[in-house]
Amino acid sequence: DFKSLTHVLSKLASQPIHESFALKKLMQIQSKSASLEELLGWMSKLSKLHGKDPFFSQSYLYFELLDPFLATPSNKLSSLLEEAKTNFFSEPSLQNRISLALAELRNESPDKALVALGNLNNWRNWQQTRPAWSFIASMVFDLNHDTEKSIVIRKSIDFENIDRAEKESLANLFPNKFLNFEQ
């Protein structure tokens, strides 16, 4: 019974001795159906508990950038953009690339988002990533007037497999584009 398990884990997450374990398990079993607010809360706590583990801080950054209520422009967006750049330059992983691209899109710099995606000869690689990341990459190409690449990537996206928080956020960030792509 996932509802009962989630309730127990939520209670355990408030106990310092069990907090890390409970939060990791909540992320494991609820990440597909959790709201962005829930994910941000869990990831915020995990990134504080595991300050030296970049996985948690990088994931938290990605979710912060998905927040449709993040003001553009704002000091917070500038700070998140700088953090995304730092992560990217220390490790240009796919997660850090998509976070930087999303930060640049949020900062209304689609040309810089295109650079963040990496070598344009490898643009098809974005088809094999998480569906939400594929969608973000397709938006980068679309906003840079490369419709062909955008459509090819979009056709590979399984919108049913986008996690709830990502789906709701992307629909808010790109309302007309997301609805058109999903059909």
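This text goes with the structure placed above it.
Let me begin by describing the structure that accompanies this report. Residue positions are given per chain, counting from 1 as you read along its sequence in written order. Local features are withheld for residues below a pLDDT of 70 in this predicted model, meaning they are given only at 70 or higher, and side-chain atom pairs are given and counted only at 80 or more; totals for whole chains, interfaces and linings count all residues. With hydrogens and water set aside, each side-chain value is computed from the structure's full complement of heavy atoms.

1. Observations regarding the overall build of the protein chain
Here comes step 1: Counting from the N terminus, the helices are DSSP H or I runs at least four residues long and the strands are E runs at least two residues long. When helices and strands are counted, the protein chain shows 11 helices and 0 strands.
Here comes step 2: The reference for a compact globule is 2.2 Å times residues^0.38; the radius of gyration itself is calculated from the C-alpha atoms. Taken over C-alpha atoms, the radius of gyration comes to 17 Å for the protein chain, in line with the 16 Å a tight globule of 183 residues would show.
Here comes step 3: Taken along its principal axes, the extent of the C-alpha atoms in the protein chain is 50 × 35 × 30 Å.
Here comes step 4: Out of the 183 residues belonging to the protein chain, those deemed buried represent 46%.
Here comes step 5: Nonlocal contacts in the protein chain, meaning residues at least 24 apart in sequence, comprise 55% of its contacts between residues at least 6 apart.
Here comes step 6: When the accessible area of the protein chain is evaluated, it comes to approximately 10,000 Å², of which 52% is carbon and sulfur surface. A 1.4 Å probe rolled over the protein chains alone gives each residue an accessible area, and that area as a share of the maximum for its type sets the label: buried under 20%, exposed over 50%, partly exposed in between. Residue contacts are counted whenever heavy atoms from the two residues lie within 4.5 Å of one another. Only the protein chains shown count as cover for residues, and the accessible areas themselves come from Shrake-Rupley with a 1.4 Å probe.

2. Re the nonpolar core
Here comes step 1: Here, nonpolar core means buried Ala, Val, Leu, Ile, Met, Phe, Trp, Tyr and Cys residues that are tied together by side-chain atoms lying within 4.5 Å of each other. Formed by 53 residues in total, the largest nonpolar core has its most connected members in Tyr62, Phe63, Leu65, Leu117, Phe135 and Leu170.
Here comes step 2: Where this core is concerned, the elements lending two or more residues are helix H2 (19-30), helix H3 (36-49), helix H4 (54-66), helix H5 (75-90), helix H6 (94-106), helix H7 (110-117), helix H8 (131-143) and helix H10 (164-173).
Here comes step 3: The element best represented in this core is H8, accounting for 8 residues.

3. Examining the packing of aromatic side chains
Here comes step 1: Only rings of Phe, Tyr and Trp enter the pairing, Trp through its six-membered ring, and a pair is recorded when the two centres are within 6.5 Å. The plane angle decides the type: under 30 degrees is stacked, over 60 is edge-to-face, the rest tilted. Scanning all chains against the criterion turns up 7 aromatic pairs.
Here comes step 2: The interplanar angle of 75 degrees and the centroid separation of 5.3 Å between the aromatic rings of Phe55 and Phe56 together place this pair among those described as edge-to-face.
Here comes step 3: Assessed through its relative accessible area of 48%, Phe55 is described here as partly exposed.
Here comes step 4: Overall, Phe56 belongs to the buried group, its relative accessible area being 8%.
Here comes step 5: Centroid distance Tyr62 to Trp133: 6.2 Å. Interplanar angle 75 degrees. Geometry classified as edge-to-face. Placement of the pair is Tyr62 in helix H4 and Trp133 in helix H8, with a sequence separation of 71 residues.
Here comes step 6: Assessed through its relative accessible area of 3%, Tyr62 is described here as buried.
Here comes step 7: Since its relative accessible area comes to 11%, Trp133 is described here as buried.
Here comes step 8: Through a chain of ring-to-ring contacts, the aromatic side chains of Tyr62, Phe63 and Trp133 assemble into a single cluster.

4. Observations regarding H2
Here comes step 1: Here H2 is 12 residues long and its end C-alpha atoms lie 16 Å apart, about the 16 Å a rise of 1.5 Å per residue gives.
Here comes step 2: By the burial criterion, the buried members of H2 are Glu19, Ser20, Ala22, Leu23, Leu26, Met27 and Gln30.
Here comes step 3: Elements in contact with the buried residues of H2: helix H1 (2-12) and H3. Helix span, expected: 1.5 Å multiplied by one less than the number of residues in the helix.

5. Observations regarding H10
Here comes step 1: Taken as a whole, H10 has its buried residues at Ala165, Glu166, Ser169 and Leu170. Looking straight down H10, one finds its buried side chains confined to an arc of 120 degrees; they lie on one side. When we speak of the arc, we mean the arc of directions from the helix axis to the C-beta atoms.

6. So, the packing of H4 against H6
Here comes step 1: For the pair H4 and H6, interaxial distance at closest approach is 10 Å and the crossing angle is 25 degrees. As judged from the angle between their axes, H4 and H6 are roughly parallel. Remark: the crossing between H4 and H6 carries left-handed chirality. Here H4 contributes Gln58, Ser59, Leu61, Tyr62, Leu65 and Leu66 to the contact with H6, which in turn contributes Gln95, Asn96, Ile98, Ser99, Leu102, Ala103 and Arg106. Think of each axis as a best-fit line through the C-alpha atoms, taken over the contacting stretch in the case of a helix, with angles from 0 to 180 degrees between the N-to-C directions. Under this scheme an angle from 65 to 115 degrees is roughly perpendicular, one under 35 degrees roughly parallel, and one over 145 degrees roughly antiparallel; angles in between are oblique. Helix crossings are classified by the rotation of the near helix relative to the far one: an anticlockwise turn of less than a right angle makes the crossing left-handed, while a clockwise turn makes it right-handed.

7. Some thoughts on unusual backbone geometry
Here comes step 1: Across the junction of Thr72 and Pro73, the peptide omega takes the value -10 degrees, indicating a cis bond.
Here comes step 2: Relative to the assigned elements, Pro73 resides in the loop between H4 and H5.
Here comes step 3: Of note in this structure, Glu108 is not a glycine but carries a positive phi near 60 degrees.
Here comes step 4: The topology assignment puts Glu108 in the loop between H6 and H7.
Here comes step 5: In this model, His145 sits at a positive phi of 65 degrees, which is unusual for a non-glycine residue.

8. Points about the pattern of salt bridges
Here comes step 1: Any carboxyl oxygen of Asp or Glu that lies within 4 Å of a side-chain nitrogen of Lys or Arg is treated as forming a salt bridge with it. One pass over the full model with this rule turns up 7 salt bridges.
Here comes step 2: Of the charged contacts, one joins Lys85 and Glu82 as a salt bridge, the two residues approaching to 3.7 Å between their closest N and O atoms. With a gap of 3 residues between them, Lys85 and Glu82 both fall in helix H5, about one helical turn apart.
Here comes step 3: Looking at Glu82, the relative accessible area reads 45%, which means it is partly exposed.

Limitation: the analysis is restricted to geometry and does not speak to function.
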